[in-house]
Amino acid sequence: MNINMGPQHPATHGVLRVELELDGETVVKATPHIGYLHTGIEKTAESKLYYKVIPTTDRMDYLAPMSNNLGYCLAVEKLLDIEVPEKVKYARVLLTELTRVMSHLVWVGTHTMDLGAMSMMLYAFRDREYIIDLYEACAGQRMMTTYFRIGGLAYDLPADFDAKVKRILKRIPEAMTDYERLLTDNRIFRNRTIGVAKISAEDAINCGLTGPCLRGSGVNYDVRKANPYSGYEKFDFEIPLGHNGDTYDRYLIRLEEMRQSLKIARQALEGMPEGPYRAHVPGVVLPPKEDVLSRMESLIFHFKIITEGFKPPRGAVYQAIEAPKGELGYYISSDGSNKPHRMRVRPPSFVNLSALPKLVEGGLVADVIAAIGTIDIVLGEVDR
Amino acid sequence: MRDKLREYLEKNFGDALIREDDFRDQQSFYIKKDFFLDICRALLNHDEFQVKFLSDICALDWFGDREEKDGRFEVIYNLFSLKFKYRFFLKVRLDGEDPEIDSLSDLWHCADWLEREVYDLFGIVFIGHPNLVKIVTPGELQGYPLRKDFPLTYEIPQFSYNKDEPPEVLQ
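Attention here is on the structure that accompanies the text. (Residues numbered from 1 in each chain as written. Chains lettered and ligands numbered in written order. Predicted model: local features only at pLDDT ≥ 70, side-chain atom pairs only at ≥ 80, totals over all residues. Heavy atoms only, no water.)

**Quick look at the overall build of chain B**
And step 1. Counting secondary structure elements, chain B contains three helices and nine strands.
And step 2. Ordered by position from the N terminus, the helices and strands of chain B form the series α-β-β-α-β-β-β-β-α-β-β-β.
And step 3. Taking 171 residues into account, the globule formula puts the C-alpha radius of gyration at 16 Å, and chain B, at 20 Å, lies well above it.
And step 4. When its C-alpha atoms are laid out on the principal axes, chain B stretches across 70 × 35 × 30 Å.
And step 5. Residues counted as buried form 51% of the 171 residues belonging to chain B.
And step 6. For chain B, contacts bridging at least 24 residues in sequence account for 48% of all contacts bridging at least 6. (Helix = DSSP H or I, 4+ residues; strand = E, 2+ residues; numbered from the N terminus. Rg over C-alpha atoms; globule rule 2.2 N^0.38 Å. Buried < 20%, exposed > 50% of the residue type's maximum accessible area, 1.4 Å probe, protein only. Contact = heavy atoms within 4.5 Å.)

**A word on the interface of chain A and chain B**
And step 1. Each partner contributes residues to the interface: chain A has 46 residues there, and chain B has 43 residues.
And step 2. Of the roughly 3700 Å² buried between chain A and chain B, counting both surfaces, carbon and sulfur atoms make up 56%.
And step 3. Where chain A packs against chain B, one counts seven salt bridges.
And step 4. At the junction of chain A and chain B, the tally comes to 25 residue pairs in polar contact (both at pLDDT 80 or more).
And step 5. Sorting the residues of the side of chain A that touches chain B by element identifies helix 1 (41-45), helix 3 (65-80), helix 8 (201-206), strand 6 (315-323), strand 7 (326-334), strand 8 (342-346) and helix 14 (348-353) of chain A as the ones contributing at least two each.
And step 6. Of the residues contributing to the side of chain A that touches chain B, the split by class is 21 nonpolar, eleven polar and 14 charged. (Buried area = accessible area lost by both parts, 1.4 Å probe. Salt bridge = Lys/Arg side-chain N within 4 Å of Asp/Glu carboxyl O. Polar contact = N/O pair within 3.5 Å; in protein donor to acceptor, adjacent residues only side chain to side chain. Nonpolar A, V, L, I, M, F, W, Y, C, P; charged D, E, K, R; others polar.)

**Considering the layout of surface pockets**
And step 1. Its volume calculated, the largest pocket comes out at about 750 Å³.
And step 2. For the largest pocket, the lining is made up of 27 residues, of which A:Lys78, A:Asn227, A:Pro228, A:Tyr229 and A:Gln319 are closest to its centre.
And step 3. Of all the secondary structure elements, the ones that give two or more residues to the lining of the largest pocket are helix 3 and strand 6 of chain A together with strand 5 (86-94) of chain B.
And step 4. Within the lining of the largest pocket, the residues separate by chemical class into ten nonpolar, six polar and eleven charged. (1 Å grid on protein atoms, 1.4 Å probe; cavity = no way out; pocket = protein on both sides within 12 Å on 5 of 7 lines; lining within 4 Å. Points joined across faces, edges and corners; volume = space filled by probe spheres on them.)

**Quick notes on a negative patch on the surface**
And step 1. On the surface, a cluster of negative charge is contributed by B:Asp95, B:Glu97, B:Asp98 and B:Glu100.
And step 2. On the accessibility criterion, B:Glu97 (69% relative accessible area) is exposed. (Patch = residues over 30% accessible without salt bridge, like charges linked within 9 Å, V, L, I, M, F, W, Y side chains within 5 Å. Areas by Shrake-Rupley, 256 points an atom, 1.4 Å probe, with all protein chains shown as cover. Lys, Arg positive; Asp, Glu negative; His and termini not counted. Charge placed at Lys NZ, Arg CZ, Asp CG, Glu CD.)

So this is what it looks like as structure tokens:
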């Protein structure tokens, strides 16, 4: 029998259609069909000045907007060969780690709801609000933040930044204890996840899996450790690894990753240096707004950057970051003009989703739900 | 690994190498199309390098640029050695007329979708791909959107003065 799961089924986490060929309850063949959003973000980037591309990156993984901002800004900074101030590095690390926590909170909520645990979703979304509040304080936006800029941040950190981060660092670990009490030894949850959607280390590498999906199979690859960016080499944290490569291992890994992210965020908050929130590179990095209002040179540079942009040298760069879902990379090719000649996003969700048939074929149809959830896809990123 | 990789490719695939590029400390090798599959297979199975991870496949179109003389399309393979934590790029130039290149789907499972995406958006054919069909654009869309000569349209916004007229689309 052939059935279609999705494209609007709540458990498909967006507009994904999976065509299933069944023999009884066993999945013989699974074919994911994507391509319902047609956002055209890569094409759009070719017609925009470099700094105007940043808002489009939020829309790809809307559950981790700061990670997308960071990947793009780092790629353009690499293209321009500019260094940002230490304070910017620390603030970016802190905010992207909290983004990871936020993304994993949504994951644990929606994934467990797929498996029938309704209350878990309400708890996770409630605790996510603390991080959304911090976003709002920093960027003035709760979801599409566009807070990072090429060469720095959009605004300086807000006055109550410390207090808001401390509230998160206190609240989330308490909440996680509750989650674990609810799920980790829960018999139903264990039965639905242990041994489900299993993938070996060798297959995971060959499928190009990254992030918790790869580390769940025991492969020690994390961009933050392998090729540190934004000053990650200064922070003390560990990379949790799984053993069995099943859904339960990936759950344990994401939970531990949240703890490690909070640990990094605590270090970043304690070590946050004083200093400017933007690099001083006239003609390339927007000058701070207060300077624009009081200094003629800053006003001129501001005007020129906004109207003409800047022209990086010819060449191509690739910058990867460890986003909540895996390796998020930006490949930017410059032809020397003020717009990207080509911007390619290496989306973790797209590549991870391509492994779905491998995860579900031979399993039960009910486990397809668990498999889709455990990949943690966001369709905005799949269909850029 | 940077120097060893260069030495290895120069020694074993000297005829295949066109040039090396080291922009912003990123190693890229431009290679000839005919040798491409052999190089990938050799790197994947090489005992020391262990280039097991194909991170990404993408392409770009040099239409109208001075680079077009070396081949209109550039297909970029983003490879990563988990052992050395080292990333490098293999780049292949293809002609504008009927661009085609060997598929890597036999070597890496992830090449399946990545190649389909490049095919869908650039019209580059991957020889030997088991299921080379569109993946992200609608079935009725003609042409390849990420090519530089793909015609862009513009829809006139509807305001009060033209709300009764049918939407007008400009080529």
